[in-house]
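# Structural description and commentary
Residue-level listing of the chains:
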Amino acid sequence: MEQRSGQAMNMPWAYLRLPPFPQVAVRVLQLANNENVQLHQLCELISSDPAFASEVLTVANSLLYAPRYPSTTIMQAIAVLGANTLQGMCVTVGVRAYLGKTMSQPAMRNLWRHNLACAIVAEQLAATGFIDKDQAYTAGILHDVGRMALAVIQPGDYAMLLETHRGASATILEAERELFGWDHCETGRELVAGWKLPQDLETVVAGHHMDRRKDGAWDVTELVKVSCAMASSIGYPTFPGCVPASYADLLEQLPARERRVFYSDAESLKTNVAESLHAIESV
Ligand SMILES: [Fe+2]
Ligand SMILES: [Fe+2]
């Protein structure tokens, strides 16, 4: 495995030359930060990249959303599904495009599945309380964007690390720092800050491997921490040697209301997530 930690440590961030995330997805996320955005602006933006728009429509018409009348234009899809849901779809399409050819490797496929599973869990968990479910989905699918960047920069080395590392989920951060000079939380924070995305997304990306806050606070960052761990615990870890927390322990981390309403056993959550994953992967 190539060791470049010393070199990377001294290297100014800009020289890492991270590959660009699909511009349309970044612009959609930036627009979402602006409350005065008009639906036609969102529509024009997505439609400005026909290949991207057609992928978004495919997802919108997939089994996952199963609309009675399939949309043939982005404007229709916004009308049927709502602007916020469509935003989440754009990010899904963006993440898939970002991983691109690396997805043929099993380690990268696991990474994609972990992110998707985390987003689906986050969305459902948000729906049991007062956090916006579309915001939760978007944060879930982006939470490991730094990992994806490391994977795209050095696919072979990162895949090898994912395949061989053993331990609890957060223990991989140290191994990433040895290999790249940065871990995926720091990498993700740099990316999200550079794209000028909402501050709460930056907080999620940078802090999702920290322990749950002791004061029991519940916001989108805390929700994604638990969703990421739940995704690993129900069978979608980012690396096969991951030792996940038990589902029962993770339920204990939820606020009382969410704990009462959310799936009480891992198996039913797993079945539900597997169905949604299948619907997205089959398009
Ligand atoms: Fe992570
Ligand atoms: Fe994660």
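## Quick look at the overall build of the protein chain
- For the protein chain, the count of helices and strands is 17 helices and zero strands.
- Its C-alpha atoms give the protein chain a radius of gyration of 18 Å, near enough to 19 Å, the size a compact globule of 283 residues would have.
- Put simply, the protein chain has 283 residues, and 43% of those count as buried.

## Quick look at the environment of aspartate 211
- Along the polypeptide, aspartate 211 turns up in the loop between helix H13 (199–207) and helix H14 (220–233).
- Each C-alpha atom, one on aspartate 211 and one on valine 226, is 9.5 Å from the other, the two residues being 15 residues apart in sequence.

## What to know about the nonpolar core
- Membership of the largest hydrophobic core comes to 86 residues, with the highest contact counts inside it found for Ile46, Val56, Cys90, Val121, Ala122 and Leu223.
- When residues of this core are assigned to their parent elements, the largest contribution, 13 residues, is made by helix H7 (residues 106–127).

## Re the packing of H7 against H14
- Taken N-terminus to C-terminus, the directions of H7 and H14 make an angle of 130°; their axes are 8 Å apart at the nearest point. The pairing of H7 with H14 is recorded here as oblique in orientation. For the pair H7 and H14, the sense of crossing is right-handed. Taking contact as the criterion, the partners of His114, Ala117, Cys118, Val121, Ala122, Leu125 and Ala126 in H7 are, on H14, Leu223, Val224, Val226, Ser227, Cys228, Met230 and Ala231.
- The residue makeup of the contact of H7 with H14, split by class, is twelve nonpolar, two polar and no charged.

## What to know about helix H4 (residues 50–60)
- Taken residue by residue, H4 has Phe52, Ala53, Glu55, Val56, Leu57, Val59 and Ala60 as its buried positions.
- The elements touched by buried residues of H4 are helix H2 (23–32), helix H3 (39–47), helix H5 (74–81), helix H6 (83–99) and helix H17 (266–281).

## Description of the environment of proline 198
- By the secondary structure assignment, proline 198 is in the loop between helix H12 (184–194) and H13.
- Judged by local crowding, proline 198 falls into the partly exposed class, with 18 C-beta atoms found within 10 Å.
- It is 30 Å that separates the C-alpha atoms of proline 198 and cysteine 242, two residues lying 44 residues apart in sequence.

## Focus on the packing of H2 against H3
- Following both chains from N to C, one finds H2 and H3 inclined at 170°, their axes separated by 9 Å at the closest point. Taken as axis vectors, H2 and H3 run roughly antiparallel relative to one another. Between H2 and H3, the contacting residues are Val24, Arg27, Val28 and Leu31 on the first element and Gln41, Leu42, Leu45 and Ile46 on the second.
- Of the residues assigned to the contact of H2 with H3, the class counts are six nonpolar, one polar and one charged.

## Considerations on the environment of glutamate 176
- Tracing the chain through its elements places glutamate 176 in helix H11 (residues 172–180).
- Along the chain, glutamate 176 and tyrosine 69 lie 107 residues apart, while their C-alpha atoms are 46 Å from each other.
- Residues in contact with glutamate 176, not counting those within four places in the same chain, are Leu150, Asp183 and His184.

## Quick word on helix H9 (residues 145–153)
- Most of H9 sits out of view: seven of its nine residues are buried.
- The set of residues buried in H9 consists of Val145, Gly146, Arg147, Met148, Ala149, Leu150 and Ala151.

## Side note on unusual backbone geometry
- One non-glycine residue, lysine 196, adopts positive backbone phi at about 60°.
- Counting through the fold element by element, lysine 196 comes out in the loop between H12 and H13.
- Classification of lysine 196 as exposed rests on a count of 11 C-beta atoms within 10 Å.

## Brief notes about the confidence of the model for the protein chain
- Chain-level pLDDT for the protein chain is 88 on average; 91% of the residues reach the 70-or-more range.
- Averaged over each element, pLDDT in the protein chain is lowest for helix H1 (residues 5–9) (43) and highest for H14 (98).
- Scored below 50 in pLDDT, residues 1–12 shows ten contacts in the model against residues more than four places distant or in partner chains.

The rules behind these values
- Residues numbered from 1 in each chain as written.
- Chains lettered and ligands numbered in written order.
- Predicted model: local features only at pLDDT ≥ 70, side-chain atom pairs only at ≥ 80, totals over all residues.
- Helix = DSSP H or I, 4+ residues; strand = E, 2+ residues; numbered from the N terminus.
- Rg over C-alpha atoms; globule rule 2.2 N^0.38 Å.
- Buried ≥ 20, exposed ≤ 12 C-beta atoms within 10 Å, placed from the backbone.
- Core = buried A, V, L, I, M, F, W, Y, C linked by C-beta atoms within 7 Å.
- Axes fitted to C-alpha atoms, helices over the stretch in contact; angles between N-to-C directions.
- Parallel < 35°, antiparallel > 145°, perpendicular 65-115°, else oblique.
- Left-handed = near helix turned anticlockwise from the far one by under 90°.
- Contact = placed C-beta atoms within 7 Å.
- Nonpolar A, V, L, I, M, F, W, Y, C, P; charged D, E, K, R; others polar.
- pLDDT = per-residue confidence, 0-100.

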